[in-house]
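# Architecture and fold: a report
Spelled out, the chains give:
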Amino acid sequence: MAIWLSLCGAILVAAYLLGSTPTGYTVVKLLKGIDIREIGSGSTGATNVLRTLGKGPGAFVLFIDCLKGVLSIFLVYWLFEFASNNNFIPATVNPELWQPIMVTLAGLTAILGHSKSIFLGFRGGKSVATSLGILLAMNWQVGLATFGVFAVVIAISRIVSLSSICGAIAVSIFMVLLHQPLPYILFGVAGGLYVILRHRSNIERLLAGTEPKLGQNLPAEAEQTVSSAS
């Protein structure tokens, strides 16, 4: 049992480190020589990279951040296959019960890593792209349905934050409608709430009518608030 628990712990640490990989920060630092945490919203995510460097770098960061989520969940799938082939799963462990729990925990730690990166002084992005990757790896139907909500809202509103919040709300509904395991439903609730909380400043601007649309930059006063908070 000790070996099994050690393997599970190692996977969760690896998922956190994957999530912590500072994609947006690294891309902006390499291409422009600046710290993206001091620009715009202060987020290291794809939206702030898009505003800073344009569509190409923004799309690249979006893809890699999404991939981090996928890989975090695939680590769990690999663990159960590896442990099963090498008889590391104790007789008291039911893989059908443990795997959804481990997938959920790995997903949550990856999200935490992206927003609270150990490599960036526990700062980071808002975990939207990483969450999408996690959902696609958990259940591709849920992932695509959630992305569909995001895509429809952004097509209508042209506001990334509003689209992300709507997707975060919708994910729990899709988990229930598609009869996912209870741990996955709990992930949808916890992960969705966390993403919404990460958008607190965006919600304030949405209510004030000052949230920028695609192609627009943050108002100067909002950037000053971010800089002073840093």
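Quick note: structure is the one above.
Residues numbered from 1 in each chain as written. Predicted model: local features only at pLDDT ≥ 70, side-chain atom pairs only at ≥ 80, totals over all residues. Heavy atoms only, no water.

### Considering the packing of aromatic side chains
A complete count under the given rule lists six aromatic pairs for this structure. With a centroid separation of 5.8 Å and 40° between ring planes, the pair formed by F74 and Y77 is classed as tilted. With F74 and Y77 both in helix 4 (residues 55–85), this residue pair falls three residues apart, about one helical turn. Judged by its relative accessible area of 44%, F74 is partly exposed. What makes Y77 partly exposed here is its relative accessible area of 24%. Each ring, one from F147 and one from F150, has its centre 6.2 Å from the other, and the planes form 20°; the classification is stacked. A residue pair is termed a helical-turn pair when its members lie 3 or 4 positions apart in one helix, as F147 and F150 do in helix 7 (residues 140–157) at three residues. (Phe/Tyr/Trp six-rings, centres within 6.5 Å; stacked < 30°, edge-to-face > 60°. Helix = DSSP H or I, 4+ residues; strand = E, 2+ residues; numbered from the N terminus. Buried < 20%, exposed > 50% of the residue type's maximum accessible area, 1.4 Å probe, protein only.)

### Here we look at the pattern of salt bridges
Evaluated as defined, the whole model comprises three salt bridges. Across the pair D65 and K68 runs a salt bridge, and its minimum N-O distance is 3.2 Å. Pair noted here: D65 and K68 are both in helix 4, with a separation of three residues, about one helical turn. For D65, a relative accessible area of 1% gives the class buried. (Salt bridge = Lys/Arg side-chain N within 4 Å of Asp/Glu carboxyl O.)

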